Structure formats: C-alpha cells, structure tokens
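Geometric and topological summary
Take a look at the letters that make up each chain.
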Amino acid sequence: LQRLRQRLAGSQGALGRGLLALLSRDRLDEDTWESIEDTLLTADIGVGPTQELVDRLRTRMRVDGADASQAREVLREELLALVDPSMDRRLQVSGEDGRPGVVLVVGVNGAGKTTTVGKIARILVAEDRSVVLGAADTFRAAAVEQLATWGERVGVDVVRGPEGTDPASVAFEAVKQGASEGADTVIVDTAGRLQNKAGLMDELGKVKRVIEKQAPVTEVLLVLDATTGQNGMIQARVFSEVVDVTGIVLTKLDGSAKGGIVVAVQRELGVPVKLVGLGEGPDDLAPFDSGAFVDALLG
Ligand code: GDP
C-alpha cells in the first residue's frame, strides 16, 4: 500500500486532490459540477462511469446534505463503488488432476507482456510454485531473448523455438514440458500483432486449442498500457472479442496520471483488473487492491 501510494502520489494523486478541492467548495454550483466532470473525463474514467459518479455525488452532496467536511469520505465511497471491490481478483494459476494451470498472456506489442510474464513467474516462484515459461511471441527474436533473460533471472525454464516458429507449437511444447515435469503453472507469452482481427483470432484460437489438449487454460490475462488511453481501450475491445479474457493487467501505472482507466476498462470488458505494473523492475507488479487504489487516488 505504501509503495502504491508513493508511486501514484505524484501522478494519480492529482486526480483525487483536484476532485476533493472542487467537492469541498462551499457552493457546488453548475460550473463546479462541470469542472468535476471534466476532471473525471481527463483522467480517462470514461463517459458512462463519469456521468454515474457525478450523479451519485450530486445526490449525496445535495439531497443527502453532506457538507464540505464529509466530501472526502463521500468521494472515497463513491470511487470505491465504481472500482467495484466485489470482483474476484485472485489469479487462477493452479491446474487440476495433476496437470498444470496455464496462464495465457495477450496484448499488443509494447504493452508490457513479456515483462509481466517475468514478474508473475517471480511471484509464483517466491510462493514455491514450479513454473515453466513459453516464448510464443515468435515473431520478434528480441521478445524471445527478453523472456529467456527473465527465465534466467527468476530461475525457471523457458521453452522456445527458432524465430518464426508457429506460436502454437511453442505453446504446445511449453505445456508439454510443464505437464511432464509436474509443474504447477505454465505461463505463455504470445505475439501481439494487431494487423487484423481475423489473423489474431486464428492465431490465439489455435494457441488456446493446442494448450487445452494437455492442460486447462486457467487464466487469460490481457496486458494493457495505462498510458495509451482511448487507443488502449479500442485494442482491449479487439482482444476481448477474439479470446475470453479473464483478467486485466494494467501496466505503466507509474507513468500515467490517468488512473481512471482502471474503471473504464473494467466496465468495458466486464472483467477485473487483477494486477498493476508500477515500474520496470522485477518487483514492480502488484495485485490490484481497490481500497488501496482509491486511497492512492485521494493522495
Ligand atoms: P511486450 O512487447 O508487450 O512484451 O512489452 P515488454 O514487456 O517488452 O515491455 C515494453 C516496455 O515497457 C519495456 O521497456 C518494459 O520495461 C516497459 N514496462 C513494462 N511494464 C512496465 C511498467 O509497469 N511500468 C513501466 N514504467 N514500464 C514498464
């Protein structure tokens, strides 16, 4: 929590502080409500959720007669409701019947997939789980090398193929090795070429099918760069249409002033943000905690 606060204090905190200053005004006139709305939209919360939040705040400040001294508590409660603390954010990493659980990691190039695979592996290894990584982003030699480096760093095997190999065959081999070794979890990094939806659907569909011949896909994580705003939302939608996303990893939250994207993307896809990336280092991945997040927003 402390770390999240520190990381977000400079950027995200501005959103909460701005909102709080507006909401604590003695007179909440139309101009003030408009400024509140603008502040929320600028933070990428999205049109629907912004409207909803403003309506709720109006009701509570006006009808219920909350005063400036209660503004912080009201804002905290309503932001928390918007982030939806009831969502199950636990990572599903365990298989069944002696087979490993498979975590498929998808997203556009540059979003932070490979880094996230490395960081998740590190967390699982720290929990004494045995992990195998699959480098199925075979179209970029750099991605395979990068994952291999993470594997060495974390101390787990990385299954790879020559450049240009069919991603599905690498995924197949990785799960096969995981199953034969009795690994707990296999994490598969995928290619994020978004040249066209049909191609992506074919590729990810095939990867998923070959995995499922051997072990259950327990989690499909969509990695999204928090700094990409609306563009990121469009990409998120495409991925969610081609594969059943079960959780979102929002990366680069450390470099974004737009924490509102958490709300927008959850609403858009109807799946929880499960992890957040807070930097490039191996320890810079944290489970998403809605209470801590809202507290960080409020600075
Ligand atoms: P991929 O193409 O989706 O596999 O993306 P990479 O894992 O190669 O990451 C792209 C860049 O983003 C790299 O320079 C990473 O170090 C950086 N990156 C990944 N996650 C984070 C994060 O949470 N915060 C910051 N600041 N940088 C990140």
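Residues numbered from 1 in each chain as written. Predicted model: local features only at pLDDT ≥ 70, side-chain atom pairs only at ≥ 80, totals over all residues. Heavy atoms only, no water.

1. Things to note about the overall build of the chain
Our working definition: Secondary structure counts use DSSP, requiring at least four H or I residues in a row for a helix and at least two E residues in a row for a strand, with both numbered from the N terminus. The cut-offs for exposure are 20% and 50% of the maximum accessible area for each residue type, with area from a 1.4 Å probe on protein chains only; residues under the lower value are buried, those over the upper are exposed, and the others partly exposed. Pairs of residues are marked as contacts when any of their non-hydrogen atoms sit within 4.5 Å. Residues scored as positive are Lys and Arg, those scored as negative are Asp and Glu, and His as well as the terminal groups of each chain are ignored. Charged groups are reduced to one reference atom each: NZ for lysine, CZ for arginine, CG for aspartic acid, CD for glutamic acid.
Counting secondary structure elements, the chain contains twelve helices and eight strands. In terms of overall dimensions, the chain has a C-alpha envelope of 65 × 40 × 35 Å along the principal axes. In the chain, which comprises 299 residues, the proportion classed as buried is 55%. Sequence-distant contacts in the chain: of pairs separated by 6 or more residues, those separated by 24 or more amount to 77%. Positive and negative side-chain charges of the chain, numbering 34 and 45 respectively, have mean locations separated by a distance of 1 Å.

2. So, the pairing of strand β4 (residues 185-190)
Operational definition: For two strands to count as paired, DSSP must find a minimum of two bridges between them.
By the criterion of burial, β4 is predominantly enclosed, with six of the six residues buried. Side-chain alternation along β4 places Thr-185, Ile-187 and Asp-189 on one buried face and Val-186, Val-188 and Thr-190 on a second face that is also buried. Where strand β1 (residues 101-106) and β4 come together, five bridges link them in parallel fashion. When the sheet's bridge partners are listed, Val-103 is paired in β4 with Ile-187. With six bridges connecting them, strand β2 (residues 131-136) and β4 associate as parallel partners. Bridged to Val-132 within β4 is Val-186.

3. Remarks on the packing of helix α5 (residues 71-83) against helix α12 (residues 290-298)
Under the convention used in this document: To define axes, lines are fitted to C-alpha atoms, for helices over the stretch in contact only, and angles between the resulting N-to-C directions are given on a 0 to 180 degree scale. When describing relative orientation, an angle under 35 degrees is termed roughly parallel and one over 145 degrees roughly antiparallel, while 65 to 115 degrees is termed roughly perpendicular and anything else oblique. Crossings are classed by handedness, with left-handed meaning an anticlockwise turn of the near helix from the far one by less than a right angle and right-handed meaning a clockwise turn. The nonpolar class holds Ala, Val, Leu, Ile, Met, Phe, Trp, Tyr, Cys and Pro. Asp, Glu, Lys and Arg form the charged class, and all remaining residues, Gly among them, are polar.
Orientation of α5 relative to α12, taken along the N-to-C sense of each, is 135°, at an axis distance of 10 Å. By the criterion of interaxial angle, the relationship of α5 to α12 is oblique. The two elements α5 and α12 meet at a crossing, and its hand is right-handed. For the pair α5 and α12, contact is made by Arg-72, Leu-75, Arg-76, Leu-79, Leu-80 and Val-83 and by Ser-290, Gly-291, Phe-293, Val-294, Asp-295, Leu-297 and Leu-298, respectively. Tallied by class, residues from the contact of α5 with α12 come to eight nonpolar, two polar and three charged.

4. Details of the UniProt feature "domain: SRP54-type proteins GTP-binding" (unreviewed entry) in the chain
The criterion, for reference: UniProt positions are given in the numbering used here, feature names are shortened, and annotations may be inferred rather than shown by experiment.
UniProt's entry tags residues 272-285 with the feature "domain: SRP54-type proteins GTP-binding" (unreviewed entry), counted in the numbering of this structure. With 0% helix and 43% strand, residues 272-285 has its two end C-alpha atoms placed 16 Å apart.

5. Here we look at helix α9 (residues 197-212)
The line we're drawing: One less than the number of residues in a helix, times 1.5 Å, gives the span that helix is expected to have.
Taking 1.5 Å as the rise per residue, α9 with 16 residues should run 22 Å; its terminal C-alpha atoms sit 22 Å apart, in good agreement. Residues Leu-200, Glu-203, Leu-204, Gly-205, Val-207, Lys-208, Val-210 and Ile-211 constitute the buried set of α9. Lining the buried residues of α9 we find β1, α8 (167-181), β4, β5 (217-225) and α10 (229-242).

6. Concerning the side chain of Lys-113
Stated formally: Criterion for a salt bridge: a side-chain nitrogen of Lys or Arg within 4 Å of a carboxyl oxygen of Asp or Glu.
Inspection of the secondary structure assignment puts Lys-113 in helix α6 (residues 113-126). The charged side chain of Lys-113 is buried without a salt bridge, its nearest counter-charge being Asp-137 at 4.9 Å.

7. A look at the pairing of β1
With six of its six residues buried, β1 lies for the most part within the structure. Here β1 pairs with β5 via five bridges, running parallel. The residue bridging Val-102 from the neighbouring strand is Val-217, located in β5.

8. Quick word on the site of the ligand
As a reminder of what qualifies: We define proximity as follows: a residue is near a molecule or strand when any one of its heavy atoms falls within 4 Å of that partner. In protein, a polar contact means a hydrogen-donor-capable atom and an acceptor-capable atom, both N or O and within 3.5 Å, with residues adjacent in sequence counting only if both atoms are side-chain atoms; elsewhere, any N or O pair within 3.5 Å suffices. Residue burial considers only the protein chains on display, and all accessible areas are found by Shrake-Rupley using a 1.4 Å probe.
Lining the immediate surroundings of the ligand are 18 residues, of which Gly-110, Lys-113, Thr-114, Thr-115 and Glu-280 lie closest. One nitrogen or oxygen atom from the side chain of Arg-140 is found 3.1 Å from an oxygen atom belonging to the ligand. In this structure, a nitrogen atom belonging to the ligand sits 2.8 Å away from a side-chain N or O atom of Asp-254. Out of a free accessible area of 580 Å², the ligand has 81% covered by protein chains. By residue number, the principal contributor to the shell around the ligand is α6, which donates four residues.

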